[in-house]
Structures are given as C-alpha cells and as structure tokens.
Amino acid sequence: MSYIDVTGKTEEEAIARALSQLNMERDDVSVEILERAKTGFLGIGSTPAKVRVTYSGEEETPAVSEVVPAKPKAESKPVVRPTAKPVVKPAPRAEKPETELVKKNREPVVKEAASAPAEQVSKPLGQEIQDEKAVAIRTFLSGLLEKMEVEAQIRVYLPEKGRYQVILEGSGMGQIIGRRGETLDAIQQLTGYCVNRSGTGRVRVSVDAENYRAKREESLDHLARKVAAKVVKYRRSVTLEPMNAYERHIIHAALQDEPNVATGSIGSDPNRRVVVSYVR
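Presented here is an overview of the structure given in this document. Everything numeric in this text was worked out from a predicted model, so none of it was measured.

### Focus on the side chain of Lys133
Next, step 1: Checked against the element boundaries, Lys133 lands in helix H6 (residues 132–147).
Next, step 2: Buried Lys133, no salt bridge; nearest opposite-charge side chain is Glu132, N-O distance 6.2 Å.
Next, step 3: Polar contacts involving the side chain of Lys133 include one to the main-chain carbonyl oxygen of Gly201, which spans 3.1 Å.

The structure is reproduced here in structure tokens:
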C-alpha cells in the first residue's frame, strides 16, 4: 500500500486535492486525518488540515496480459513477405491509469452491486400516528428545529410496535443531515432520550430526512462489495475510513456470506474502522 500526505484549508479540501492528484475515487482510498484545520483568531494562528490518503500502489496492478490483448498475430505479419516494404509500427501507446469504468468492466461483482435496483429506498409507512409518544416527538423536534432556524414538516409513523419512524421534509434538509449524517444522528439520539425520559415504556426513535439513511445504507453495501472484490483479487486487507457503529454493522452484514472474505474492526470511537481481510 502507498500513501500521500496532503494539506488544505479544510479536511474535505485536502482529501479532494489528494483524490485529484491520484486520479481516484473516494471509495478507492482510505483517509486518515493527521491534523485538523484551525481557524485561529481573526485569521491569526490558523493552520491547514493535513490528511494521509492510502491507496493501492503500482505493485498491485494486474499483469499486462490481463489488460492488453496479446499481439502475436500483429507481430508475425511482416515476416513472410521479403519484397514488401518494411512495416513501420506505431510507437506503443502509454497505458493510461485504470479508470473507474475499466474497473467496473473488469470487476463483475462491483457492476452487479452498482446496478442493483433502488426500489427498496422508499417503503410505505402507513398512516401517521397521534399517540402520546408521537406528540412528545413532534413537540421536541418543533422546538429544536426552531432553534436551528429550519422549517420542516414532521411526520411520525409507527411501522412496528415500539419503533417510531420520523420523517422530516423541507428545504433546509442539508443542514439537518450534516456531514455524513452526523447532525441527523445527533438529532435522533436527542429525540429518543427526550421521549423516553417521560411517559411509560421505552421506544426506539429513528429520524430520517430525504431518505438519507436508506441511500446511505445502499451506498455502504455497494462500497462493501467493491472492496471485497479488490481484497479477493489482490489478496490483501483493506482498511475503511472511520464509521459509526450502525455503518460498521452494515459493512459486516453485507460481507458476512462473501467467500474468501472476513471483516473486523480496529481502533476506538469515533475513529473505529472496519478491516476487510482475505481468507483462504
């Protein structure tokens, strides 16, 4: 494995620069934040963010015979004609870095995962619920969203006993979701704590906006299968970026029946990561 260290005003800018330099996609690398950006006071004492981006080096690339068709026929043509003019062969074209399209064409497992239907993103939840817990959920979220200066409709459903599904709809959902769903997770945790603090019986509360959770789960499933294909192909372990417990569970569940692949976790929260390993 190889890596490069890149700096930027923010962590995201540093990562974007690294991906641009490597000509790779975000799912193809593992990112470690070495130094977080500091703004300082009035711009004084500010320091840039520094990240380390780990990627597969050239030694992991497949043999040339796997990518370029064999050329024995083309080279044998001028041998049988002594009177013909010398054949001038064009200079060999330099091999371009393997693009995401080539990877997809050579890794059928990834293509199958990417083309999986997304029909399961939206599921009917039935009628909105109006019981004591639902009222408490709406009251708490209304006050919280007002403090955040976000206008949103709050819809509460009860898809199964003891589990409330909350859907937020509005124009400021990007602020509600946050980076990688961190804000949405915090809102969900606070809502569950508030609702279970009063009343009888504990319930689970799930808060979603713009189908983020379903889309995130589908994206993680795709990532897991893509990484598994690389692990089997190169027979090397791959460490993913830090994830919360729910996201790590999705990776483990997606690969639990995958042949020649095992998963585990290293580190401690909030920097705990999933490691996908090759097993014989």
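Moving on from the coordinates now.
### Side note on the sheet that holds strand S7 (residues 238–239)
Next, step 1: Read from one edge of the open sheet, 3 strands run S7-S9-S8, paired in antiparallel fashion. Lying at the two open borders of the sheet, with one neighbouring strand each, are S7 and strand S8 (261–266).
Next, step 2: Where S8 and strand S9 (residues 273–278) come together, 6 bridges link them in antiparallel fashion. Along S9, the bridge assignment pairs Ile266 with Arg273.
Next, step 3: Of the strands in this sheet, S7, S8 and S9 touch helix H9 (residues 212–234), which is tilted by about 40° from S9.
Next, step 4: In the packing of helix H10 (residues 245–255) onto the sheet, contacts are made with S8 and S9, and the angle to S8 comes to roughly 165°.

### Description of the pattern of salt bridges
Oppositely charged side chains may form a pair once their charged atoms are brought near each other.
Next, step 1: Inspection of the entire model under this criterion finds 15 salt bridges.
Next, step 2: Measuring nitrogen to oxygen at the nearest pair gives 2.8 Å for the salt bridge that ties Glu247 to Arg216. On the criterion of sequence distance, the pair formed by Glu247 in helix H10 and Arg216 in helix H9 is long-range, its members being 31 residues apart. Arg216 matches Glu247 in its accessibility class, with the two residues each being buried.
Next, step 3: Notably, a salt bridge pairs Arg225 with Glu258, separated by 3.5 Å at the nearest N-O pair. Remark: Glu258 occurs in the loop between H10 and S8 and Arg225 occurs in helix H9; sequence separation between them is 33 residues.
Next, step 4: Here Arg225 falls in the partly exposed class, since its relative accessible area comes to 25%.
Next, step 5: Connected via shared salt-bridge partners are Glu128, Arg138, Arg155 and Glu169.

Reading guide: rules and limits
Residue positions are counted from 1 within each chain, in the order its sequence is given. Local features in this predicted model are restricted to residues of pLDDT 70 or higher, and side-chain atom pairs are both shown and tallied only at a pLDDT of 80 or more, whereas totals for entire chains, interfaces and linings draw on every residue. Calculation of side-chain values draws on the structure's entire complement of heavy atoms; hydrogens and water are dropped beforehand. What counts as a helix is a DSSP run of H or I of at least four residues, what counts as a strand is a run of E of at least two, and both are numbered from the N terminus. Here the term buried applies to any residue with accessible area under 20% of the maximum for its type, exposed to any over 50%, and partly exposed to those in between, with areas from a 1.4 Å probe on protein chains only. Charged-residue counts in this description rest on Lys and Arg as positive and Asp and Glu as negative, His and the chain ends being excluded. One speaks of a salt bridge when a side-chain nitrogen belonging to Lys or Arg is within 4 Å of a carboxyl oxygen belonging to Asp or Glu. Any pair of N or O atoms that falls within 3.5 Å is considered a polar contact. Within protein, one atom must be able to donate a hydrogen and the other to accept it, and sequence-neighbouring residues count only if both atoms are side-chain atoms. By the convention used here, strands pair only if DSSP detects at least 2 bridges between them. By definition in these notes, contact holds between two residues if any of their heavy atoms fall within 4.5 Å. Interaxial angles span 0 to 180 degrees and are taken between N-to-C directions of axes, which are lines fitted to C-alpha atoms, for helices over the stretch in contact.

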